[in-house]
Amino acid sequence: MRALAVWRLVRLLSLSIAAVAPSLTDAAPALETYNIDINQISVSGLSSGGYMAVQMHVAYSASIMGVGVLAAGPYLCAEGNVLYATTRCLNVETAFLPPAVYFHDLTLAEAAADRIDPTSHMAGDRVWLFTGGADDVVLNPVVDDLDAYYQFFTSPTDIVYLRDTVPSAQHAMITDDYGKPCGFKGDAYINDCDFDAAGALLRHIYGSLKPPVAAPNDNLKSFDQSTYSGTSSLGGEGYIYVPTGCENKHPACKLHVVFHGCKQNKDQIGAEYARYVGYNEWAEANDILVLYPQTGKDA
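Definitions and limits used
Residues numbered from 1 in each chain as written. Predicted model: local features only at pLDDT ≥ 70, side-chain atom pairs only at ≥ 80, totals over all residues. Heavy atoms only, no water. Helix = DSSP H or I, 4+ residues; strand = E, 2+ residues; numbered from the N terminus. Buried < 20%, exposed > 50% of the residue type's maximum accessible area, 1.4 Å probe, protein only. Contact = heavy atoms within 4.5 Å. Areas by Shrake-Rupley, 256 points an atom, 1.4 Å probe, with all protein chains shown as cover. Disulfide = S-S within 2.5 Å. Pairing = 2+ DSSP bridges. Axes fitted to C-alpha atoms, helices over the stretch in contact; angles between N-to-C directions. Salt bridge = Lys/Arg side-chain N within 4 Å of Asp/Glu carboxyl O. Parallel < 35°, antiparallel > 145°, perpendicular 65-115°, else oblique.

(A) View of the overall build of the protein chain. Scanning the protein chain from N- to C-terminus turns up nine helices and 11 strands. Taking all 299 residues of the protein chain together, 53% fall into the buried category. Nonlocal contacts in the protein chain, meaning residues at least 24 apart in sequence, comprise 69% of its contacts between residues at least 6 apart. Approximately 12,200 Å² of the protein chain is accessible, and the part contributed by carbon and sulfur atoms is 54%.

Written out as structure tokens, the structure reads:
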């Protein structure tokens, strides 16, 4: 359900360049639509958000051209089983995590049943993967499995896997200059490791980009998410960063969707993730709209 709800958000953003009227309730304003280059839509995420990014990329691969993943495993890792989600897909009994070919076969079955896009659409997609050297929440072998999984569907030359780049990195969104110390484990799971993960993944997905610039605070906007999901999977409000160059809705802008991890939603840390983890500065310089869907308060 969450994947479908987020896809509704993405579709609304790219349907037209007309603005949606503000909500008449006390909720945040309705999400506006923008002029999106439909060939330049990508996703990324950390931990549970990383799993969500993989889910979105694989399920909607006809429309998504690149993915960045920190600390997550292959598509259908949990197979809808909470026990699997909290054991083999994290750090317990990873010896029982099936090999990548197992998830490859599950994916082909989903595509054959028309429940996801044909897997041929992943060919040529840009894939960026990261695992922290000290991550003891999602162990390195889980991300190894994701790397092997993607090699079935796209060329190894289109995959960047950073496994040993930051040996001291704990389980967190990794930034160049914001957050707790690199080896810290805990809220808000944003760590300063002198490494710009957001910039690295965006550069791999989109190729040559202009250097980041200051992101005006007012360009990060909240919007009403309530119309996109009939469940508690999405919170009441989400965030979107609108670069100055995209405000007039011309020319077409790229779109990148960022999925936060557990305990990083608006109700728990406010706009900290959306404002400080590094995407917006690259977005401002390169006309990339950044959508930050927010889960419900208990996620």
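(B) Highlighting the state of the cysteines. One pass over the full model with this rule turns up three disulfides. Two residues share a disulfide in this structure: Cys182 and Cys193, whose sulfurs sit 2.0 Å from each other. Note on the Cys182 and Cys193 pair: the S-S dihedral is about 100°, so by sign convention the disulfide is right-handed. Here Cys182 is found in the loop between β6 (180-181) and β7 (190-192), whereas its partner Cys193 is found in the loop between β7 and α6 (197-206), with 11 residues between them in sequence. We classify Cys182 as buried; its relative accessible area is 12%. Relative accessible area serves as the criterion here: at 10%, Cys193 is assigned to the buried category. Covalent S-S linkage joins Cys246 and Cys253, the inter-sulfur distance amounting to 2.1 Å.

(C) Summary view of the sheet that holds strand β9 (residues 237-241). Here we have eight strands laid out as an open sheet, ordered β4-β3-β2-β1-β10-β11-β9-β8, and mixed in their pairing. The sheet terminates laterally at β4 (159-162) and β8 (220-224), the two strands that pair on one side only. Ignoring which end each strand starts from, the neighbouring axes of this sheet average 15° apart. Across four bridges, the pairing between strand β10 (residues 253-259) and strand β11 (residues 288-292) is parallel. Residue pairing in the sheet places His256 in a bridge with Val290 of β11. Of the strands in this sheet, β1 (36-46), β2 (66-70) and β10 touch helix α2 (residues 48-59), which is tilted by about 145° from β1. Sheet contacts for helix α9 (residues 279-286): β1, β8, β9, β10 and β11; angle to β11, the most-contacted strand, approximately 150°.

(D) Representation of the pattern of salt bridges. Per the counting criterion, the structure on display carries seven salt bridges. Glu110 is the salt-bridge partner of Arg115, the closest N and O atoms lying 3.1 Å from each other. Glu110 sits in the buried class, given a relative accessible area of 19%. In this structure, Glu237 and Lys266 form a salt bridge, with 3.7 Å as the shortest nitrogen-oxygen distance. Taken as a pair, Glu237 in strand β9 and Lys266 in helix α7 (residues 266-269) lie far apart in primary sequence, 29 residues in all. Look at Lys266 and you get partly exposed, because its relative accessible area is 29%.

(E) Highlighting the packing of α2 against helix α5 (residues 140-150). Running from N to C, α2 and α5 point in directions that differ by 10°, and their axes come no closer than 13 Å. By the criterion of interaxial angle, the relationship of α2 to α5 is roughly parallel. Note on element contacts: α5 touches α2 through Val142, Leu146, Tyr149 and Tyr150, opposite Tyr51, Val54, His57 and Val58.

(F) Spatial organisation of the sheet that holds strand β5 (residues 173-175). If you walk across this open sheet you meet the three strands as β5-β7-β6, and the pairing is parallel. Edge positions in the sheet fall to β5 and β6, since each has one partner strand and no second. Pairing between β5 and β7: three bridges, direction parallel. Among the inter-strand pairings, Met173 is bridged to a residue of β7, identified as Ile190.

(G) Quick look at the pairing of β4. Where strand β3 (residues 126-130) lies against β4, four bridges are found, and the strand directions are parallel. Bridging across to β4, Trp128 finds its partner in Val160.

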